[in-house]
Amino acid sequence: MTYSKFFSGLAGIFVMLTLVSPAAAADEQNAFLNKIEKVEFSAMPGGRVAVRIQTTQPLSNVPAGFTLTNPSRIALDFPGVGNGLQRNSLPAEQGVLKSVSLAQAKDRTRMVLNLSKSVGYSTSTDGNATIILLQTTEVAANQTTVTRFAEPKAGDKSHSVTNVDFMRGKNGEGRVMVDLSDPAAGIDIRQQGKTIVVDFVNTDIAANLQRRLNVINFNTPVLYVDAMQQGKNTRLVIEPKGNWEQSAYQADKKFIIDVRPVVEDPNKLVQGSKPGYAGEKLSLNFQNIDVRSVLQVIADFTGLNIITSDTVSGNLTLRLKDVPWDQALDIIMSSKGLTQRKSGNVIMVAPMEEVAAKEKLSLEASQQIEDLEPVRTEVFTLKYMKAESLKNILTDEKQKILSKRGSAVLDPRTNTVFVQDTAKHLEEIQQIINKTDIPVKQVMIESRLVIADEKFGKSLGARFGMTQQSADGRNVIGGTLGNRITEVSSDGTITQGTHNGTIQTATTGSTATSSDGEPDLMSNLPVSNAYGNLAFTLLRLPAGLLLNLELSALETDKRGKVVSSPRVTTANQKKAQIQQGTKIPYLRASSSGATSVQFVDATLSLEVTPQVTPDDKIIMDLTIKKDRVGQIFSGVPSIETQSVDTQVLVSNGETAVLGGIYEQTERNDVDKVPFFGDIPFLGNAFKRRVKQNDKTELLIFITPKIMDDNLSIR
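In this text, all values refer to a predicted model and were calculated from it rather than measured experimentally.

**Student:** What is the right way to read the overall build of the protein from this model?
**Tutor:** Across its full length, the protein holds 8 helices and 44 strands. Long-range contacts, defined here as pairs at least 24 residues apart, represent 61% of the contacts in the protein between residues at least 6 apart. Carbon together with sulfur atoms contributes 50% to the accessible area of the protein, which is approximately 39,800 Å² in total.

This is the structure:
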């Protein structure tokens, strides 16, 4: 549906606006400070016509307007201006200008110039006067007509487009959404060839928004949306397909264009997606007039060709006022038992029974032709689709595409399908192949598992005891030795024995050791694997006793990060899995007592099923696991598992955080000797302190990237 035809469908609305009663206009005109006081017409040289509109106050901008070609009209809107003429219609009869109609709404007055033919015009202001100059050049029926959606203001500042987006409406319409920096930008809309062109006056657009949106997969009338900088303006080019109509509206800073599909209804006189009647309004008043004559009046009014069957006869009385012509025709059809069929600009009128009988005969003839039409064989060699998949589509019993005489066989070796059917069905199969035999998008999914840990430990221990020195200079170490005695001479010789006199001798350094090989101190609370020890004698007591103390300390500070990054490439909606790790063996006993070797997996794995949306976003079903070997229990290893199972929606190339686990362990342990460990200050020699502060954090990231046909990342 062309742009001019779309506005022709709105012509009835403008006519309706002109029928506002003077009484209603008088009630509203007091709300306007600015009013139209005078309208004058004057003929200019060369057949031009000047229309001068006098208002009480100057206009801030020239009135916005648009042109209709069928019928020929120019409509101008005066926002914030009332009708002070006390009438709604003014005869002109100046050149191409026949008359002027005015309709006052709540916030504006619309002036409609009724013309004998479509001509160009220009608008200017001079103080309180607005001058409309009608040119002599005739506008062709297919000439581009510009609609001023929003008029730019004088001395307007620069604006900008902040975003251009597209979505599918709930009724299948394509919706182009443009975000503006402010709502005051001037906007021009026009149809240029088979495209819709929208210019945002004195508006800039960022470089990253100057692009083509491929929206074919949205299954709307819109194929592409191009955004570009055109001088000081921003231009939006919308390329639709098929039969369509469009409407535009603006809400604050958002400008929206809806492109709706129009399904051709052969029984509908005025095509369009809106329900009800949309024809131009007319008034009929006939008494006992022949039906054929009424149909001829409607044909003259609409410019359509009406063919009446010879069986149409009779008279009727008709009085209709301001009724859409397509509704008037339906009234005539229903009152006389007639029906109509529209083909192009031709309407055929006949009785219902006659039309039904003809259509039945036509359908029966088509069925007979299909049953007798010769079949032929077509060979379809597929590129990306499997031949078996196409055969299943064609021969599906629930929705069989082939005719009852059609058949399909395949050759898996060459991925070819041989179809035998009529020419009509073969064309439908070719259209199906054009839609389905296309390369499937590839997606590379990269995940990263980051394990960061920070461990801090601090230990302080002590060993405390006494050593007895014998009269000959040897040190006899006392303590809880049981019945074993260790003697150390001054030359370093160690003599061990029992109370029954059995002696064993060995030579070491100068350190006194007990039978277990460790310095035998009465309080034994050292630090394991200590990196520092300090031992000394505190004091010498009578009877050759020495009081000894040994301090040991250990401090650890560990920081680490483990990054695991599995990645996999797969086709759209195809499940993929990648894993790497170890199979750990262990022995398993059966009921008979025999043992067998079993294996348990400790792997890093990524399992994903991606789905690419029409706007290049990726929906992913994800399962990510990271297993590690843990402690051993009775010879069987445990597995430390970290995993996530989720579904996410991520834009192409963006990184999403799927989840994280944060663990913190704080311990402050004290081992001590009862009673002695509680003595102030001195009790530290009978204690062992262990302080621990461990932090572990796991973060899981996912990054999907769509690949083009060359398997390179887009």
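From this point, the discussion proceeds with the structure in view.
**Student:** Looking at this structure, I do not really get the nonpolar core. What am I missing?
**Tutor:** The tendency in soluble globular proteins is for nonpolar side chains to be buried side by side. One finds F166, V178, L180, V198, F200, L236 and F255 to be the most contacted residues of the largest nonpolar core, which totals 26 residues. Contributing elements (two or more residues each) for this core: β12 (159–168), β13 (174–180), β14 (186–192), β15 (195–201), β18 (222–230), β19 (233–240) and β21 (254–261). For L236, the residues in contact, after removing those within four places along its chain, are V164, V176, V178, I196, V197, V198, F200, V225, D226 and A227. Judged by nonpolar contacts, the second largest core, of 24 residues, contains V291, V294, I298 and W325.

**Student:** How do you make sense of the packing of aromatic side chains when you look at a structure like this?
**Tutor:** Two aromatic rings are characterised by how far apart their centres lie and by the angle between their planes. Counted according to the given criterion, the structure contains 4 aromatic pairs. Ring geometry for F166 against F218: centres 5.1 Å apart, planes inclined by 80 degrees, an arrangement best described as edge-to-face. Highlighted residues: F166 in strand β12 and F218 in the loop between β17 (212–214) and β18, separated in sequence by 52 residues. F218 shares its class with F166; the two are buried. Look at F675 and F676: their rings are 5.4 Å apart centre to centre, the planes differ by 75 degrees, and that puts the pair in the edge-to-face class. Note on F675: relative accessible area 61%, which makes it exposed. Taken together, the aromatic side chains of F675, F676 and F686 make up a single cluster linked through ring pairs. Note that R212 overlies the ring of Y224, its terminal NZ or CZ placed 4.2 Å from the centroid.

**Student:** So what exactly am I meant to see when it comes to the packing of helix α4 (residues 291–302) against helix α5 (residues 325–335) here?
**Tutor:** Two packed helices can be described by the angle between their axes and the distance between those axes. Direction vectors running N to C along α4 and α5 enclose 165 degrees, while the axes themselves pass 11 Å from each other. Taken together, α4 and α5 sit at an angle that is classed as roughly antiparallel. Of the two possible hands of crossing, α4 and α5 adopt the one that is left-handed. Contacts between α4 and α5 pair V291, V294, L295, I298, F301 and T302 from the former with W325, L329, I332 and M333 from the latter. By residue class, the composition of the contact of α4 with α5 is 9 nonpolar, 1 polar and no charged.

**Student:** Can you walk me through the pairing of strand β29 (residues 416–421) in this structure?
**Tutor:** Regular strands place side chains that alternate from one sheet face to the opposite one. Note: strand β27 (residues 376–381) against β29, 6 bridges, orientation antiparallel. Across the sheet, E378 pairs through a bridge with V419, a residue of β29.

**Student:** I tried to follow the layout of surface pockets on my own but got confused; where do I start?
**Tutor:** Leftover empty space is mapped by rolling, across the atoms, a probe with the size of a water molecule. Roughly 1,500 Å³ of internal volume is contained in the largest pocket. Lining the largest pocket are 38 residues, with N217, K441, T613, P614 and D616 positioned closest to its centre. Contributions of two or more residues to the lining of the largest pocket are made by β12, β17 and α8 (423–436). Grouping the constituent residues of the lining of the largest pocket by class yields 15 nonpolar, 10 polar and 13 charged.

**Student:** Explanation requested: α5 in the structure shown.
**Tutor:** Two residues of an α-helix separated by three or four positions point the same way, owing to the 3.6 residues in each turn. Residues W325, D326, A328, L329, I332 and M333 constitute the buried set of α5. Looking down the long axis of α5, one finds its buried residues gathered within 160 degrees of arc, a one-sided arrangement. The first or second residue beyond α5 is G337, which carries a positive phi of 70 degrees.

**Student:** I'm lost on the sheet that holds strand β41 (residues 617–633) in this one. Help?
**Tutor:** To summarise the sheet geometry, strands pair through backbone hydrogen bonds and adopt either a parallel or an antiparallel arrangement. The antiparallel open sheet is built from 4 strands, whose spatial order is β39-β40-β41-β42. Either end of the sheet is taken by a strand with one partner, and the two such strands are β39 (576–589) and β42 (636–651). Averaged over all neighbouring strand pairs, the angle between strand axes comes to 15 degrees, with direction disregarded. The sheet contact formed by β39 and strand β40 (residues 595–612) spans 14 bridges and is antiparallel. Each bridged residue has a counterpart across the sheet, and for P585 the counterpart in β40 is F599.

**Student:** What should I look at first to understand a nonpolar patch on the surface in this one?
**Tutor:** Together, V379, V409 and F418 make up an exposed nonpolar region whose accessible area comes to about 240 Å². By secondary structure assignment, the location of F418 is in strand β29.

**Student:** I tried to follow the pattern of salt bridges on my own but got confused; where do I start?
**Tutor:** Opposite charge on two side chains permits pairing when their charged atoms draw close. Under the defined criterion, the tally for this structure stands at 26 salt bridges. Between E40 and K38 there is a salt bridge; the shortest N-O distance is 3.8 Å. On the basis of relative accessible area, E40 is assigned to the partly exposed category, the value being 36%. Residue E173 is joined to R175 by a salt bridge in which the shortest nitrogen-to-oxygen separation is 3.3 Å. Among the charged side chains, a salt-bridge network with shared partners connects D77, R108 and R110.

**Student:** Explain the environment of R405 to me, please; I cannot follow it from the model alone.
**Tutor:** Among the secondary structure elements, R405 is positioned in the loop between α7 (387–394) and β28 (407–411). Distance from R405 to T422, taken between C-alpha atoms, is 8.4 Å for residues 17 residues apart in sequence. Beyond its immediate sequence surroundings of up to four residues, R405 is in contact with E370, D371, L372, E373, V375, Q420 and T422. A polar atom in the side chain of R405 sits 2.3 Å from the backbone oxygen of E373.

**Student:** Help me out: how do you make sense of the sheet that holds strand β23 (residues 305–308) in this one?
**Tutor:** On the basis of which strands lie adjacent, the open sheet formed by 3 strands has the order β23-β26-β25 and mixed pairing. The outermost strands of the open sheet, each flanked by one partner alone, are β23 and β25 (338–343). The average angle at which neighbouring strand axes cross in this sheet is 25 degrees, direction not considered. Across 4 bridges, the pairing between β23 and strand β26 (residues 346–351) is parallel. Across the sheet, residue N305 finds its bridge partner in β26, namely V346. Lying over the sheet, α4 contacts β23, β25 and β26, oriented at roughly 165 degrees with respect to β23. Where helix α6 (residues 352–372) meets the sheet, it contacts β25 and β26, and its direction lies at approximately 110 degrees from that of β26.

Rules behind the numbers
- Residues numbered from 1 in each chain as written.
- Predicted model: local features only at pLDDT ≥ 70, side-chain atom pairs only at ≥ 80, totals over all residues.
- Heavy atoms only, no water.
- Helix = DSSP H or I, 4+ residues; strand = E, 2+ residues; numbered from the N terminus.
- Contact = heavy atoms within 4.5 Å.
- Areas by Shrake-Rupley, 256 points an atom, 1.4 Å probe, with all protein chains shown as cover.
- Core = buried A, V, L, I, M, F, W, Y, C linked by side-chain atoms within 4.5 Å.
- Buried < 20%, exposed > 50% of the residue type's maximum accessible area, 1.4 Å probe, protein only.
- Phe/Tyr/Trp six-rings, centres within 6.5 Å; stacked < 30°, edge-to-face > 60°.
- Lys NZ or Arg CZ within 6 Å of the ring centre and 35° of its normal.
- Axes fitted to C-alpha atoms, helices over the stretch in contact; angles between N-to-C directions.
- Parallel < 35°, antiparallel > 145°, perpendicular 65-115°, else oblique.
- Left-handed = near helix turned anticlockwise from the far one by under 90°.
- Nonpolar A, V, L, I, M, F, W, Y, C, P; charged D, E, K, R; others polar.
- Pairing = 2+ DSSP bridges.
- 1 Å grid on protein atoms, 1.4 Å probe; cavity = no way out; pocket = protein on both sides within 12 Å on 5 of 7 lines; lining within 4 Å.
- Points joined across faces, edges and corners; volume = space filled by probe spheres on them.
- Arc of directions from axis to C-beta.
- Patch = residues over 30% accessible without salt bridge, like charges linked within 9 Å, V, L, I, M, F, W, Y side chains within 5 Å.
- Salt bridge = Lys/Arg side-chain N within 4 Å of Asp/Glu carboxyl O.
- Polar contact = N/O pair within 3.5 Å; in protein donor to acceptor, adjacent residues only side chain to side chain.

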